[in-house]
Amino acid sequence: MAELREELKEKLIEQLSLEDVEIGEIGDDDPLFGDGLGLDSIDALELIVLLEKDYGIKLKDPKEGKAIFESIGVMADYIAKHRTK
Amino acid sequence: MIKEKYYISDFCSIRDKKVFKNGEQLYIDSESDSLKDFGKGIYQYLELKYPKFHKMDELCKLGFLASEVLLRDSDKLDQDTALVLSNRSSSLDTDRKHQVSIQDREDFYPSPAVFVYTLPNIIMGEISIKNKMKSENAFFVTESFDADLMSKYSKILMDTGKATNVICGWVDLDNDKYDVFLAFLSKKGRIELTKEELNNLYNQ
Amino acid sequence: MKKVYLVADNIISPLGFSTEENVENLRLNQTGIKKVDDNYIWSEPFFGAVVNNDKLSEAWDIISKDSGYTKLEKMMLISVSKLLAENSSLDITKCGVVISTTKGNINSLRDDSYKKAYLTSISKTVQDYFKLDHTPLILSNACISGGLALAVGKRMIQSELFEDVVIIGGDLLSEFTLSGFFSFQAVSPAPCKPFCKNRTGISLGEAAASVWLSSNKKNVTEEVISISGDASANDANHISGPSRTGEGLYISITKALKDAGIESNQIDYITAHGTATPYNDEMEAIAFNRAGMKNVPINSLKGYYGHTLGASALIESIIARHCLINNELFASLGFEELGVSESINVIAKNHKKELKRVLKTASGFGGCNVALIIEKEV
């Protein structure tokens, strides 16, 4: 699981172009949106694509994303449980 | 309608790995071999701290950086400073990226962060957000820099009171070839706004 | 300042190849949105409003034998040809020409004829076809392009660059844009329902249209209708998300009213953008309330045409002109129950109403907004 979390942090920085952020700065339980990493609505949509493309998870309702993308920890748990690739 | 005299108060360009402001070379980068690194170099030179910059596509980065250079040490900007930009290639540079992501139906993953940049006027959105400009915008696509159009349309905006000042110019990117020129037009300055002067400055 | 009259117009859309045919279909509350099963655009059926290719070929054969034009070019050229045929006093070679499009011949990117993907190829096509001395101007400003083009045309006339301007607008329903809006989770699985509680996103559409703007009142043969106010403003908030306060739209509306020299209570009808995405419609309702227009009858024509991008605000302005001529309002198709937090007066049924002034608005990616006041002389 720790490995998946690190992988996700790397992907987030790469896919969401968080140039000024280092992997070590993202805590497993830090909120990704709002005051945390400060991601916005386009980032949320981009994370939906990432789930599908890299882990074969297609959200039935994009609104589910809000809960899943709460933090790296929550995201990793969800992916571990639902991944198809 | 008041027909006043207008001036080109400041101007800048980004081309051939160099950045110029009011005719003076501000920055040169002969080392970086990608446009991305060149842009990052200018970003660092300007000592900007603006995470949104890194999310922009290359066209927006160029337009954004030029606006930062143009507005540096300037207090001329206000909420009614209009943006009138133009180019030849629209957003084709990013259009091609989006097209690649959908070319293969078996490997079909369009990216929202790419798609949002498949419109040339997003440059003006980015500049407006950074500078809190809630002003007139227009993006024209022409074969080459059209000084006549830029000066006339900008004058219309100022004559009719729709804008107090105008940032006009050319922000083009096509297959790594880029050409950026912005001018700040207002009621103050040394160079009177005419299409000839604007064209001269563009060709400098 | 010179008055700028809306003299004549044409619409090429799934609802017909003349403005009259389009208006007749709106009167019947007929929608152009259908289940589209076309593998060239999308691998699965989806709801959209597409122009029938056979019908287009038929119309094209009447004006030309040359098959070397794209679908969008044919739609635009047919639209302008009809406008010219119906208005013998219109000499397009003496007019300023503004073309409004967001993506032009974007299909050319996948079909390996990439040169056509440059928007300037369309201005060249129009210039060559109508043998114009100067190259038409392309305006590409996201979803407000069609409305902003009318504002640009008005400004060109008022600053005495031209006496007459022809505005041409058009965009296709392409895989390119559809895939993008799908990635934004913004495409409705059913025909779109603007301002409705049950709305689930946009339906895309395709269309072309043309308008003759003139400063010469002698050209006006029907009701005298002018663009009396115009303004655009940026939200300065987010590149894709609508402003939560409707800031840019509110500013555009107040400035356009000021430009026209009228108050908000003098507006009889609002033809809104109304894309039917949750956030857009909410933003518009907030802006109209801030502008003191919550009781003004309002509709969105997206339920009839889908979102036709660079053509949409132009088509909606043309329909507004005909609503003024005929003193009638059309139901906001797809609307059942109000689904925005601020109250607005959505038109539920077609009805006759004495109209003098219409507000047209549009908003788009990049935070851009435009407002036009279209006014009838009475």
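Not measured: the values here are computed from a predicted model.

**Student:** What's the story with the overall build of chain C in this structure? I'm lost.
**Tutor:** Along the backbone of chain C there are ten helices and 16 strands. Relative to the 2.2 N^0.38 estimate, which gives 21 Å for 378 residues, the radius of gyration of chain C is 19 Å and therefore close to what a compact globule would have. Across its three principal directions, the C-alpha atoms of chain C cover 55 × 50 × 40 Å. Counting the 378 residues in chain C, one finds 64% classified as buried. When contacts within chain C are restricted to residue pairs at least 6 apart in sequence, those whose partners lie at least 24 apart make up 78%.

**Student:** Is there a simple way to think about the nonpolar core in this case?
**Tutor:** Where a protein is soluble and globular, its nonpolar side chains tend to be buried together. Counting 213 residues, the largest nonpolar core has Ala66 of chain B together with Ile167, Ala209, Leu213 and Leu314 of chain C as the members making the most contacts within it. A per-element tally of this core places helix α3 (residues 58-71) of chain B first, with nine residues. For this core, the domains that each give at least three residues are domain 1 (5-219) and domain 2 (225-376) of chain C. Beyond its immediate sequence surroundings of up to four residues, isoleucine 167 of chain C is in contact with Val98, Ser100, Ala149, Leu150, Gly153, Ser210, Val211, Leu213 and Leu314 of chain C.

**Student:** Hey, could you run me through helix α1 (residues 2-15) of chain A in this one?
**Tutor:** Residue and element names in this part refer to chain A. Here α1 spans 20 Å end to end across 14 residues, near enough to the 20 Å set by a 1.5 Å rise per residue. Taken residue by residue, α1 has Leu8, Lys9 and Leu12 as its buried positions. Here the buried residues of α1 occupy an arc of 100 degrees about the axis, which is enough to place them on one side. Summarising the geometry of α1, the exposed residues directed more than 90 degrees from the buried face are Glu3, Glu10 and Glu14. Buried residues along α1 sit in contact with α4 (72-82). Downstream of α1 by one or two residues, serine 17 has phi in the positive range, about 50 degrees.

**Student:** I'm lost on the sheet that holds strand β3 (residues 46-49) of chain C in this one. Help?
**Tutor:** Strand-to-strand pairing in sheets goes through backbone hydrogen bonds, with the strands running parallel or antiparallel. Residues and elements named next belong to chain C. Taken in spatial order, the three strands make up an open sheet running β2-β3-β7, and their pairing is mixed. Each of the sheet's edge strands pairs with one partner strand only, and the pair in question is β2 (34-36) and β7 (204-205). Pairing analysis gives two bridges linking β3 to β7, with the strands arranged parallel. Residue pairing across strands places glycine 48 opposite leucine 204, the latter belonging to β7.

**Student:** Hey, could you run me through the domain arrangement of chain C in this one?
**Tutor:** How large an interface is tends to be reported as the accessible area lost when its parts come together. Residue and element names in this part refer to chain C. The domains assigned to chain C are domain 1 (5-219) and domain 2 (225-376). Inter-centroid distance (C-alpha atoms) of domain 1 to domain 2 is 20 Å. Among the secondary structure elements, those contributing two or more residues to the side of domain 1 that touches domain 2 are β1 (5-12), α1 (19-27), β3, α5 (145-158), β6 (164-171), β7 and β8 (207-214). Ranked by the residues each element gives to the side of domain 1 that touches domain 2, the list is headed by α5, at eight residues. Of the residues that constitute the side of domain 1 that touches domain 2, the class distribution is 28 nonpolar, 21 polar and eight charged.

**Student:** What is the right way to look at the interface of chain A and chain B in this model?
**Tutor:** Of the residues lining the interface, eight residues belong to chain A; the matching set on chain B comes to eight residues. Partitioned by chemical class, the residues of the side of chain A that touches chain B number three nonpolar, one polar and four charged.

**Student:** I tried to follow the interface of chain C and chain B on my own but got confused; where do I start?
**Tutor:** Taken together, the contacts link 43 residues of chain C with 43 residues of chain B. When residues of the side of chain C that touches chain B are traced back to their parent elements, those giving at least two are β5 (137-139), α5, α6 (175-183), β9 (225-234) and α7 (247-260) of chain C. Examining the composition of the side of chain C that touches chain B, we find that five residues originate from one element, α6 of chain C, more than from any other. Looking at the side of chain C that touches chain B residue by residue, the class counts come to 22 nonpolar, 17 polar and four charged. Inspection of the sheet shows strand β5 (residues 137-141) of chain B paired to β5 of chain C by two bridges, in the antiparallel sense. Bridging across to β5 of chain C, phenylalanine 140 of chain B finds its partner in leucine 139 of chain C.

Calculation rules
- Residues numbered from 1 in each chain as written.
- Chains lettered and ligands numbered in written order.
- Predicted model: local features only at pLDDT ≥ 70, side-chain atom pairs only at ≥ 80, totals over all residues.
- Helix = DSSP H or I, 4+ residues; strand = E, 2+ residues; numbered from the N terminus.
- Rg over C-alpha atoms; globule rule 2.2 N^0.38 Å.
- Buried ≥ 20, exposed ≤ 12 C-beta atoms within 10 Å, placed from the backbone.
- Contact = placed C-beta atoms within 7 Å.
- Core = buried A, V, L, I, M, F, W, Y, C linked by C-beta atoms within 7 Å.
- Domains from an automatic or database assignment.
- Expected span 1.5 Å × (residues − 1).
- Arc of directions from axis to C-beta.
- Pairing = 2+ DSSP bridges.
- Nonpolar A, V, L, I, M, F, W, Y, C, P; charged D, E, K, R; others polar.

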